[in-house]
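Take a look at the letters that make up each chain.
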Amino acid sequence: MCEFCLKHGEGEKWYLQAKNYSDDLLSDVRRRRFIEGFADSEALAREAARGFGQMDRLKKAPKFIRDMVRRNVTRKMKKVHFGQVVPIEEIERIFGFTNSIVRVACICRQAVHRKEKRFCYGISLSPNGGMLAEIFRGLDRNPINGPDASRFESLTKEEAIAAFRAHEQEGLCHTVWTFLTPFIGGICNCDRVDCLAMRSTLTYATPVMFRGEYVAEVDPDLCVGCRECMRLCQFGAAGFSASNKKAVIDQRWCYGCGVCRAACEQDAIRLEDRAKSPVAADLW
Ligand code: SF4
Ligand code: SF4
């Protein structure tokens, strides 16, 4: 169980607690300002580029300095904008208690590629996006025509789940995100190249998201060694045993996203509780 489950979920999965999505949390002015600032993709791109430049320069610093800086960044991000990998069945449970789902452009992809790609979803307990949509619409106010609502594409739960399954087939892993923790306002579909959070976590060893509450396991009796799981795993956890021609998953690297499971036509991969993994129970 990750530390947010203990702090914000009363020992249950924190991202399955409706209170962490509530408009009550969103009425906090500081949080509203944070979300407004966060929506500025140009500023985000500049800030990320500066941050990554600093991380690159940090490689030359003594180890204790590197560790200290990384710890400080993670500590700060846990307070403001932190994520966790969540498998599709629990995304469905989140959609079960939320009342609106809005697809929006991914800020990371806009920052990295300068192109609009819609991989991110705003979720709210209130119909029509509630306060979250109000904040975003407020940012997009056009003095002549009023707010441009076309940026916010409302989806039914069924449409959203179908879109998430398609993202999974592309190898994208689902992640929930806080906007001033513990408020969860978005679910993204991430990959290692485009997602700034994944880059920070994996490339710069500065975690800004938790691993999922699960780890994958291969059933060797069902695996036919096609290696599709290896092709799609973003985390380098899926490997191949040349001696028995089967996939193997190193649970120490597994983030429990379930992308490999979706790719496996033999149904040879299942997700198990991280807490029960002797090698990964304490890895977050
Ligand atoms: S995708 Fe399934 S069958 Fe193919 S190697 Fe991976 S576990 Fe085995
Ligand atoms: S091995 Fe783990 S991290 Fe890799 S795709 Fe499968 S569940 Fe995700």
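Residues numbered from 1 in each chain as written. Chains lettered and ligands numbered in written order. Predicted model: local features only at pLDDT ≥ 70, side-chain atom pairs only at ≥ 80, totals over all residues. Heavy atoms only, no water.

Some thoughts on the pattern of salt bridges
Here the structure, examined in full by the defined rule, presents 15 salt bridges. For Glu 10, the salt bridge identified is with Lys 19, shortest N-O distance 3.1 Å. The class of Glu 10 is exposed, set by a relative accessible area of 63%. On the basis of relative accessible area, Lys 19 is assigned to the partly exposed category, the value being 40%. The closest approach of N and O atoms between Glu 90 and Lys 13, which form a salt bridge, is 3.3 Å. Of this pair, Glu 90 sits in helix 6 (residues 88–97) while Lys 13 sits in the loop between helix 1 (3–8) and helix 2 (23–26), and the two are 77 residues apart along the sequence. Exposure class is identical for Glu 90 and Lys 13. Each is buried. (Salt bridge = Lys/Arg side-chain N within 4 Å of Asp/Glu carboxyl O. Buried < 20%, exposed > 50% of the residue type's maximum accessible area, 1.4 Å probe, protein only. Helix = DSSP H or I, 4+ residues; strand = E, 2+ residues; numbered from the N terminus.)

Some points on the site of ligand 2
Neighbouring ligand 2 are the residues Ala 216, Cys 233, Phe 235, Ala 237, Ile 249, Cys 254, Tyr 255, Gly 256, Cys 257, Gly 258 and Cys 260. Taken together, the residues of the shell around ligand 2 sort by class into nine nonpolar, two polar and no charged. (Near = heavy atom within 4 Å. Nonpolar A, V, L, I, M, F, W, Y, C, P; charged D, E, K, R; others polar.)

Some points on the sheet that holds strand 8 (residues 184–190)
Across the sheet, which stays open at both edges, the seven strands sit in the order 6-2-3-8-7-1-9 with mixed pairing between neighbours. The open sheet has two free edges, formed respectively by strand 6 (153–155) and strand 9 (209–210), since each of these has just one partner strand. Of the strand pairs in this sheet, strand 2 (residues 100–104) and strand 3 (residues 120–124) are connected by five bridges, and their pairing is antiparallel. Note on strand 3: the bridge partner recorded for Val 104 is Cys 120. Docked against the sheet, helix 9 (residues 157–169) engages strand 2, strand 3, strand 6, strand 7 (173–178) and strand 8, running at close to 100 degrees with respect to strand 6. (Pairing = 2+ DSSP bridges. Contact = heavy atoms within 4.5 Å. Axes fitted to C-alpha atoms, helices over the stretch in contact; angles between N-to-C directions.)

Focus: helix 6
Every buried residue of helix 6 is listed here: Ile 88, Glu 90, Ile 91, Ile 94 and Phe 95. The arc that holds the buried residues of helix 6, viewed along the axis, is 160 degrees, so those residues lie on one side. Turned more than 90 degrees off the buried face of helix 6, the exposed positions are Arg 93 and Gly 96. (Arc of directions from axis to C-beta.)

Some remarks on helix 3 (residues 29–38)
Buried residues of helix 3: Arg 31, Arg 32, Ile 35 and Phe 38, and no others. For helix 3, the arc enclosing every buried residue in end-on projection is 125 degrees, short of the 170-degree limit, so these residues lie on one face. Looking at where helix 3 begins, the residue whose side-chain oxygen comes 2.8 Å from the main-chain nitrogen of Arg 30 is Asp 28. (Polar contact = N/O pair within 3.5 Å; in protein donor to acceptor, adjacent residues only side chain to side chain.)

Quick look at the pairing of strand 12 (residues 246–249)
Of the two faces of strand 12, the one lined by Ala 247 and Ile 249 is fully buried and the one lined by Lys 246 and Val 248 carries no buried residue. Inspection of the sheet shows strand 11 (residues 238–241) paired to strand 12 by four bridges, in the antiparallel sense. Along strand 12, the bridge assignment pairs Phe 240 with Ala 247.

Digging into the site of ligand 1
In the vicinity of ligand 1, the contacting residues are Cys 223, Val 224, Gly 225, Cys 226, Arg 227, Glu 228, Cys 229, Ala 247, Cys 264, Gln 266 and Ile 269. By residue class, the composition of the shell around ligand 1 is seven nonpolar, two polar and two charged.

Regarding the state of the cysteines
Evaluation of the coordinates by the stated rule reveals zero disulfides. A disulfide-free cysteine, Cys 2 has its sulfur positioned 3.6 Å from the sulfur of Cys 5, the nearest such atom. (Disulfide = S-S within 2.5 Å.)

Honestly, it's all geometry; don't read function into it.
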